[in-house]
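# Structural overview for review
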Amino acid sequence: MMLTSFFAALLGTSIALAYPGPVSNPLALRSADSGRVCGTVVSKDTVTAMESRFEEKLAQIARVKGDRDTVTVTLQVYFHVICRNQTLEGGFLDRGYIDNQMDVLNSAYANSSLSFRLERLDYTEMAEWFDNASPGTQQQTNMKQALHLGSGADLNIYTIGFTSGERLLGYATFPDAYRSDTKNDGVVLLYSSLPDAGPPPFNEGMTAVHQVGHWLGLYHTFQDGCDGEGDYVYDTPSEAEPAFGCPEGRDTCEAPGLDPIHNYMDYTDDSCMNQFTPGQAQRVLDQLNVYRTF
Ligand SMILES: *[C@@H]1O[C@H](CO)[C@@H](O)[C@H](O)[C@H]1NC(C)=O
Ligand SMILES: *[C@@H]1O[C@H](CO)[C@@H](O)[C@H](O)[C@H]1NC(C)=O
Ligand SMILES: [Ca+2]
Ligand SMILES: [Ca+2]
Ligand SMILES: [Zn+2]
């Protein structure tokens, strides 16, 4: 295995990296130009199939266990930084970036009674994965086969460059898929989406919050537009399409409520996102309960 793991050498070591300033990151600028692009996109048929399995399993579990008390659940995080070289532009994120991302995650999920603890941070210098590990690629499979750790209740996060192919901010697997492909489970992020690791508007760590939302079983707030069950969360008003930027007051569906543009599961700028609803918090706990034993 041609892996260069700096794990042992780096933890506890401080490595000074100059922050290159906002305009020197062409990757994130491209993402900003085209708006938030998330790779976790599912069709209505897929959603309907997943929801039918989920409802059935949730009902079974409720019969056996009763309702879960609201206690804070702590999930372990295995953080895998993939880089081209040991500079920030090459994807190398030193410990400070990771700690700041963990803080953003923990603040966003505090109301959902979830907390995240960094269990391990490792570094792999592998240009092939940094450039190409988009959804469905061989590079993604190879990367995850080599690096994935822990069980279904543990969160694996990978940071890469998305330099070739799809220009994504990130993508994630749903809890429903865990059993059929355990190694594939986890969240992949554009490295410059971490707090202060790239230019605005996607540099406050909300991409991680959003992708972890998918990993916990949340759909986009615009799933299925104004129709049907939408995102299967009762207290997120439906919206016809993704919102970009921060379009205050937007209202694209006749159903009551303004579009949930401040919700972490929309496509707005990081500075616009600050909310999960109680319905989303409940769904996340139910999904954990059904699919990710902890
Ligand atoms: C590191 O990789 C980045 C991204 O490909 C590149 O722009 C930069 O020149 C590289 N730096 C070094 C020191 O090799
Ligand atoms: C958490 O809940 C409080 C009280 O309802 C609210 O003010 C705050 O904005 C919420 N934070 C998040 C991140 O949802
Ligand atoms: Ca909804
Ligand atoms: Ca409305
Ligand atoms: Zn998404």
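Residues numbered from 1 in each chain as written. Chains lettered and ligands numbered in written order. Predicted model: local features only at pLDDT ≥ 70, side-chain atom pairs only at ≥ 80, totals over all residues. Heavy atoms only, no water.

As recorded in an unreviewed UniProt entry, the chain goes by Peptidase M43 pregnancy-associated plasma-A domain-containing protein and comes from Multifurca ochricompacta.

A word on the coordination of the calcium ion (ligand 3). At the metal site, the calcium ion (ligand 3) is ligated by D231 (OD), V233 (O), T236 (O) and T236 (OG1), and these contacts range over 2.4 to 2.5 Å. Donor residues binding the calcium ion (ligand 3) come from one chain and are separated in sequence as D-x1-V-x2-T. Neither residue differs from the other here; D231 and V233 are each classed as buried. (Donors = N, O, S within 2.8 Å, 3.2 Å for Na, K, Ca; no water. Buried < 20%, exposed > 50% of the residue type's maximum accessible area, 1.4 Å probe, protein only.)

Glancing now at the site of ligand 2. Around ligand 2 sit S107, A108, N111, Y264, N274 and F276, and those are all the residues in its vicinity. Calculation on ligand 2 without its partners gives an accessible area of 360 Å², and the protein chains cover 39% of this total. (Near = heavy atom within 4 Å. Areas by Shrake-Rupley, 256 points an atom, 1.4 Å probe, with all protein chains shown as cover.)

Once that is clear, we can look at the pairing of strand β1 (residues 73–83). Most of β1 is tucked away, with nine of its eleven residues classed as buried. Judged from the eleven bridges that link them, β1 and strand β2 (residues 114–125) form a sheet pairing that is parallel. Directly across from V73, in β2, lies its bridge partner L114. Considered for its hand, the β-α-β crossover made up of β1, helix α4 (residues 95–109) and β2 is right-handed. Across five bridges, β1 lies against strand β3 (residues 155–160) in parallel orientation. Looking at the pairing, F79 lines up with I157 of β3. (Helix = DSSP H or I, 4+ residues; strand = E, 2+ residues; numbered from the N terminus. Pairing = 2+ DSSP bridges. Right-handed = clockwise from strand over helix to strand, strands pointing away.)

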